[in-house]
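# Coordinate inspection notes
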Amino acid sequence: MCKKLPIQIIKSIKERHSVRTYLDKTLEPNIKETLQGYMDSLENPFGMPVKKYMIDKELASGGEKLGTYGIIKGANTFLGISVPDIDLAHVAAGYEFENLILEATALGLGTVWLAATFNREGFASAMGIPKDELFPAISPVGYPAAKRSMTESLMRTAMRSSTRKEWKTLFYLDNFQTPLTKNDAGNYTEPLEMLRLAPSDKNTQPWRVLKSGNCYHFYVTYKSGISREEEIIKRVDAGIALSHFHQTVLELGLKGYFKQTEPGNVGLPKNTNYITSWYTE
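These figures come from a predicted structure and were not determined experimentally. (Residues numbered from 1 in each chain as written. Predicted model: local features only at pLDDT ≥ 70, side-chain atom pairs only at ≥ 80, totals over all residues. Heavy atoms only, no water.)

What follows covers the layout of surface pockets. Empty space among the atoms can be located by rolling a probe the size of a water molecule over them. What the second largest pocket holds in volume is close to 170 Å³. Surrounding the second largest pocket, Ala115, Ala116, Asp201, Lys202, Thr204, Tyr222, Lys223, Ile226, Glu230, Ile233 and Lys234 form its lining. Of the residues contributing to the lining of the second largest pocket, the split by class is five nonpolar, one polar and five charged. (1 Å grid on protein atoms, 1.4 Å probe; cavity = no way out; pocket = protein on both sides within 12 Å on 5 of 7 lines; lining within 4 Å. Points joined across faces, edges and corners; volume = space filled by probe spheres on them. Nonpolar A, V, L, I, M, F, W, Y, C, P; charged D, E, K, R; others polar.)

In this section: the packing of aromatic side chains. Going through the model one piece at a time under the given rule, you end up with 17 aromatic pairs. Taking the centre distance of 6.3 Å and the plane angle of 85° together, the rings of Phe46 and Tyr95 count as edge-to-face. With Phe46 in the loop between helix 2 (29-41) and strand 1 (51-56) and Tyr95 in helix 3 (residues 87-106), this pair connects stretches of sequence that are 49 residues apart. Residue classification places Phe46 among the buried residues on the basis of a relative accessible area of 11%. Relative to Phe245, the ring of Tyr216 lies with its centre 6.3 Å away and its plane at 50°, an arrangement referred to as tilted. (Phe/Tyr/Trp six-rings, centres within 6.5 Å; stacked < 30°, edge-to-face > 60°. Helix = DSSP H or I, 4+ residues; strand = E, 2+ residues; numbered from the N terminus. Buried < 20%, exposed > 50% of the residue type's maximum accessible area, 1.4 Å probe, protein only.)

Moving on: the sheet that holds strand 3 (residues 110-111). Pairing in this open sheet of four strands is antiparallel, and the strands run 1-2-4-3 from one edge to the other. A single partner strand is all that each edge strand has here, and the edge strands are strand 1 and strand 3. Of the pairings in the sheet, the one linking strand 3 to strand 4 (residues 134-142) comprises two bridges and is antiparallel in character. The residue bridging Gly110 from the neighbouring strand is Gly142, located in strand 4. Contacting strand 1, strand 2 (77-83) and strand 4, helix 2 crosses the sheet at an angle of about 160° to strand 1. (Pairing = 2+ DSSP bridges. Contact = heavy atoms within 4.5 Å. Axes fitted to C-alpha atoms, helices over the stretch in contact; angles between N-to-C directions.)

Okay, the environment of Ile138 next. Examined against the element boundaries, Ile138 turns out to sit in strand 4. Placed 25 residues apart in sequence, Ile138 and Trp113 show a C-alpha to C-alpha distance of 6.2 Å. Residues in contact with Ile138, not counting those within four places in the same chain, are Phe78, Leu79, Gly80, Phe97, Val112, Trp113, Leu114, Phe118, Phe123 and Met127.

A separate point is the packing of helix 2 against helix 3. At a closest axis distance of 10 Å, the pairing of helix 2 and helix 3 adopts a crossing angle of 155°. It follows from the interaxial angle that helix 2 and helix 3 lie roughly antiparallel. Crossing angle aside, the handedness with which helix 2 passes helix 3 is right-handed. The residues of helix 3 that touch helix 2, namely those facing Leu35, Tyr38 and Met39, are Leu100, Glu103 and Ala104. (Parallel < 35°, antiparallel > 145°, perpendicular 65-115°, else oblique. Left-handed = near helix turned anticlockwise from the far one by under 90°.)

Tracing the backbone through its elements, the reader meets Pro269 in the loop between strand 8 (256-259) and strand 9 (272-280). Residue Pro269 is classed as partly exposed on the basis of its relative accessible area, which comes to 32%. Along the chain, Pro269 and Trp113 lie 156 residues apart, while their C-alpha atoms are 28 Å from each other.

On inspection of all chains with the given rule, the structure shows one cavity of 30 Å³ or more. Considering only enclosed or pocket space, the largest cavity measures out at about 40 Å³ in volume. Around the largest cavity, the lining residues are Leu195, Trp207, Phe218, Tyr219, Ala238, Ala241, Leu242 and Ile275. Counting residues per element, the ones that place at least two in the lining of the largest cavity are strand 7 (215-221) and helix 8 (228-252). Looking at which element gives the most residues to the lining of the largest cavity, the answer is helix 8, with three residues. Of the residues assigned to the lining of the largest cavity, the class counts are eight nonpolar, no polar and no charged.

Following this line, the structure appears as structure tokens:
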């Protein structure tokens, strides 16, 4: 069973926001050492192998072009993650990398998930990503600039980055026609609210949760005809949401465990795909 991160979880979730504009300043040695320690101690509740990487832009060997297509300004250090191509490994990647991002947030650092807008080949070479592993995402990590760039401001507006879907469209009770109320959720109101605040690719918030008895079943929505790469990104998004949910559960001292038991006869909506279940104790 995973341990709670050594930070204030709910506080860090509420403080975390996507940063694309940074001070052109290297990480202080003690901050970098702490961040490396966090990386080395990360784990996930699915038993999947996840590799984490950190590289300074100026130390990239071989002349790799560590580009982000003009999206990121001023960052000098980047984090990365790789996993084998197994469904729950994609979820584990989202879980562990979001935990790392929350830990960076607690250190006063800025981050942002990048799944497509970076030179994947250059970063893979610089970080030493194994050829047979998936490389789903990177994040810059550094000190946020006082003012956002014009590109960042336009992106945040286009994606409505500060908005989140309402409870009634994300959480359900016994079936997918009955919304779950906060009263129904009881002690799990806060974990579900922290899940609701999780970041996702293009802010699509593809996760859905179905409460049935003492169990919370987690799903992710995507169309059956999407590319394998898009499907993987959605499953990584599910892992991000589970990071927020599970770490909040641990912070609140709630007891339970994950188990793969997809329920039947719930009238599963189209394009809704099962991920995992949490059993309360």
